[in-house]
Amino acid sequence: MKRSTDRLLALAMLIVGIACFAKLYPALAGKPLAMMRLEIFGVAGLLSVLAGLLFLAGLLPGAARRDPDAPLFGRDAEIAPAGHPRLRRAALALPLLALLVIVADQFGPWRIQEPRSEPAKEVATAPAEPAPRPSELKPEPEASAKPTTPEASAKPATPAPAQEEVAKPAPPAEPVAAPVQPAAAPAKSVPPQPAQPAQPVQPTEQTALAPATPPPTVAPPRPAPPAQPTAPEGHRDAVVWLAVSADGHEIMSASTDRMIKLWDIDGKRLIRDLGVHKDMARSALFMPDGKTALTGGDDGEIVLRQLSDGTVLHVFSSGANGGVRQLKVSPDGKRAVSGHDTGSVVVWDLEKGTVSHVLPGHDWSVSSVAISPDGTRALTGSIDGELKLWDIVAGQQLRSWHGHDRGAYGAVFLADGHHAVTGSGDYTIKLWDLDSFKEVRRFDGHSGTVYALALSADGRRLGSVSLDGTARIWNMDTGAEIAEFDPGTGPMYSVAFAADGTLLTGGIDRTIRDWPAAGGDGTVLFAGAPE
């Protein structure tokens, strides 16, 4: 028999064996099959595969056919293998039988009688709450033009601060009632029977009943937080910037609702809506003249406005430098420095209304800007934690160093001009010596990104707000924490000291609060608008 024929037969046997094993697949999937069916297909598949392998290996040759022209004896005589004809025929018959079994199973398979299962009882379930539609979801801070942090993005644009999801308290478990014993049935009336001689009373066996399960004691749920006050004239989104006027009587605020508002602290009222940006408003600064304000936003515009009525006096456009993420004005009001989402730092000549320098120093979005008290230097930070010191008169970079592991926020110069403070996404606040560029002191305590900083008028206290939802006051001399405030309303984005030394904060709850300098409960100074 030729070798190629054996290989074809081996292939056919292997196919039949695999087909037998395929019949056993329902049993592997957990479905019940008759035991006889399992045995027959298992044995048939195994023998078919074994026969196929023997044929493939050439171990079952047929009887050799002698060539009539070959000599029977001598050196040239043909030596033919004896072969295994009987075993070969048996091996050929096995796959045929297995194939017949497969065909027969298609028309009359063995089945087991499955016990009839009782109809399943319907169990009532509470309908699941429908998932909110995308249109109903509240956009993330970046989509709704809220302030951003580096934790949520890896591209050169400031990502949005992640808001902590507040878990809803689970409803209290229903107390389990003790099992109620069925009431005894009324006794039937029995006719009187004749008196019987007294029988000794057999003691009755008493069966102890299992004690009833007492109802569990369930703690009442936490009381819902009191509803926050609202005011129709308040901000309709997060308050991301606060500034106090030089006389201490007015507050200017910027919000992700694009509005700039001017407030009267003493009268606790809105003076006016000072203006609106085309995109998220980021900064709002009182000018030294006390009559104008400079505001910036993600629309890339820096607008000089009149405080008396909000009249726009001049617009500085950043153009290809992108949105204005941070903005500061020199103490003399002659220069402004803006940090942009493209990483550029722009120095503006406010008197001439022109650009003095464009400093493309940062590789990532600028997240903080501070100007020295003498108005000659600027400190900027980006969302990669890089800090840079600039000579804004000459337009030169003085020093660059990696100050934080994550984004640097809320940079502030100290009054001596040789030290500065920065907050960060690594949860730390650091005091820097700008002569040696070394860390002098660290303020630890926040558990979230430190987003904004403010110095008190005397420079001895530092105010900070964080995405952890707290505000804190620190001792600048020792680094010790003086007070911590937690309104329980979510991330805070803006901070400033009032003239009387109290701390002002704004955050995602749209509210401006006033906190006592020594600690304690705060008060709502200006409530946000209703949602």
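Notes on the structure follow. Note that the structure is predicted; figures quoted are calculated from it, not measured.

Conventions and cut-offs
- The written sequence of each chain sets the order in which its residues are numbered from 1.
- Selection of residues for local features in this predicted model requires a pLDDT of at least 70, selection of side-chain atom pairs for listing and counting requires 80 or more, and totals for whole chains, interfaces and linings are taken over all residues.
- The basis for every side-chain value is the complete set of heavy atoms in the structure, and neither hydrogens nor water enter the calculation.
- Here the rule is simple: two strands pair whenever DSSP picks up at least two bridges between them.
- Secondary structure elements are taken from DSSP: a helix is a run of H or I of four residues or more, a strand is a run of E of two residues or more, and numbering for both begins at the N terminus.
- Axis angles are defined between N-to-C directions and span 0 to 180 degrees, where every axis is a line fitted to C-alpha atoms and, for a helix, only to the segment in contact.
- Residue types Ala, Val, Leu, Ile, Met, Phe, Trp, Tyr and Cys, when buried and joined through side-chain atoms within 4.5 Å, form a set referred to as a nonpolar core.
- Relative accessible area decides the class of each residue, using a 1.4 Å probe on protein chains only: under 20% of the type maximum gives buried, over 50% gives exposed, and in between gives partly exposed.
- In this analysis, two residues are considered to be in contact whenever any of their non-hydrogen atoms come within 4.5 Å of each other.
- Residues adjacent in sequence count toward polar contacts only when both atoms are side-chain atoms; beyond that, a polar contact is any pair of N or O atoms within 3.5 Å, and within protein one must be able to donate a hydrogen and the other to accept it.
- Patch criteria: residues need more than 30% relative accessible area and no salt bridge. Like-charged residues are merged within 9 Å; nonpolar side chains of Val, Leu, Ile, Met, Phe, Trp and Tyr are merged within 5 Å.
- To measure how exposed things are, a 1.4 Å probe is used in the Shrake-Rupley method; for residues, cover is taken only from the protein chains shown.
- Here, a salt bridge means any side-chain nitrogen of Lys or Arg that lies within 4 Å of a carboxyl oxygen of Asp or Glu.

Quick look at the sheet that holds strand S26 (residues 503-507)
And then number 1: Pairing is antiparallel in the open sheet, where four strands are placed in the order S25-S26-S27-S28. The outermost strands of the open sheet, each flanked by one partner alone, are strand S25 (492-497) and strand S28 (523-526). Between one strand axis and the next, the sheet turns through 30 degrees on average, direction left out of account.
And then number 2: Judged from the five bridges that link them, S25 and S26 form a sheet pairing that is antiparallel. Bridging from a neighbouring strand, Ala496 pairs with Leu504 of S26.

Observations concerning the nonpolar core
And then number 1: Formed by 25 residues in total, the largest nonpolar core has its most connected members in Met252, Leu294 and Leu350.
And then number 2: Broken down by secondary-structure element, the contributors of at least two residues to this core are strand S1 (239-244), strand S2 (250-255), strand S3 (259-264), strand S5 (281-286), strand S6 (292-297), strand S7 (301-306), strand S9 (324-329) and strand S11 (345-349).
And then number 3: Sorting elements by how many residues they give to this core places S5 first, with four residues.
And then number 4: Residues in contact with Leu294, not counting those within four places in the same chain, are Ser283, Ala284, Leu285, Met287, Ile302, Val303, Leu304, Phe316, Leu327, Val329, Ala336 and Leu350.

Quick look at unusual backbone geometry
Excluding glycine, most residues fall at negative phi; most peptide bonds, likewise, are trans.
And then number 1: If you check the backbone angles, Tyr427 has positive phi at about 75 degrees while not being a glycine.
And then number 2: Inspection of the secondary structure assignment puts Tyr427 in the loop between strand S18 (419-424) and strand S19 (429-433).

Digging into the pairing of strand S22 (residues 461-466)
And then number 1: Among the six residues that make up S22, six are buried, leaving the element largely enclosed by the rest of the structure.
And then number 2: Where burial is concerned, the two faces of S22 agree: the one with Arg461, Gly463 and Val465 and the one with Leu462, Ser464 and Ser466 are both buried.
And then number 3: Judged from the five bridges that link them, strand S21 (residues 450-455) and S22 form a sheet pairing that is antiparallel. Paired with Leu453 across the strands is Ser464, a residue of S22.
And then number 4: Between S21 and S22, which follow one another and run antiparallel, lie five residues, and Gly459 among them has a positive phi close to 75 degrees.
And then number 5: Inspection of the sheet shows S22 paired to strand S23 (residues 471-475) by five bridges, in the antiparallel sense. Across the sheet, residue Val465 finds its bridge partner in S23, namely Ala471.

Considerations on the environment of Lys328
And then number 1: Tracing the backbone through its elements, the reader meets Lys328 in strand S9.
And then number 2: Lys328 sits 33 residues away from Thr295 along the chain, and the two C-alpha atoms are 9.6 Å apart.
And then number 3: Lys328 has contacts with Trp241, Leu285, Arg335, Ala336, Val337, Val369, Ala370, Ile371 and Ala411, leaving out every residue within four places of it along the chain.
And then number 4: Here Val369 takes part through its backbone oxygen, which lies 2.7 Å from a polar atom of the side chain of Lys328.

A closer look at the sheet that holds S11
And then number 1: Taken together, four strands build an open sheet; the order of strands is S9-S10-S11-S12 and the sheet is antiparallel. Of all the strands in the sheet, just S9 and strand S12 (354-359) have a single pairing partner and so form its edges. For this sheet the average axis-to-axis angle between neighbouring strands, irrespective of direction, equals 20 degrees.
And then number 2: Across five bridges, strand S10 (residues 335-340) lies against S11 in antiparallel orientation. What sits directly across from Arg335, in S11, is Asp349.

Notes on a nonpolar patch on the surface
And then number 1: The grouping of Val43, Leu47, Leu50, Leu94, Leu97 and Leu100 at the surface amounts to a nonpolar patch, some 510 Å² of accessible area in total.
And then number 2: Looking at the nonpolar patch, the elements that each hand over two or more residues are helix H3 (35-57) and helix H4 (85-107).
And then number 3: With respect to the helices and strands, the residue Leu50 is situated in helix H3.
And then number 4: Judged by its relative accessible area of 46%, Leu50 falls in the partly exposed class.

A short note on the pattern of salt bridges
Opposite charge on two side chains makes pairing possible when the charged atoms of those side chains draw close.
And then number 1: The tally for this structure, following the rule as stated, stands at 13 salt bridges.
And then number 2: One salt bridge in this structure joins Asp298 and Arg325, with 3.4 Å as the shortest N-O distance. Within this pair, whereas Asp298 is found in the loop between S6 and S7, its partner Arg325 is found in strand S9, the two being separated by 27 residues in sequence. Across the pair, Arg325 and Asp298 agree in class, each one buried.
And then number 3: A salt bridge links Arg472 to Glu481, with the shortest nitrogen-to-oxygen separation between them at 2.8 Å.
And then number 4: The exposure class of Arg472 is buried, given its relative accessible area of 7%.
And then number 5: Since its relative accessible area comes to 35%, Glu481 is described here as partly exposed.
And then number 6: Look at the salt bridges and you will find they share partners, linking Arg282, Asp298, Arg325 and Asp341 into a network.

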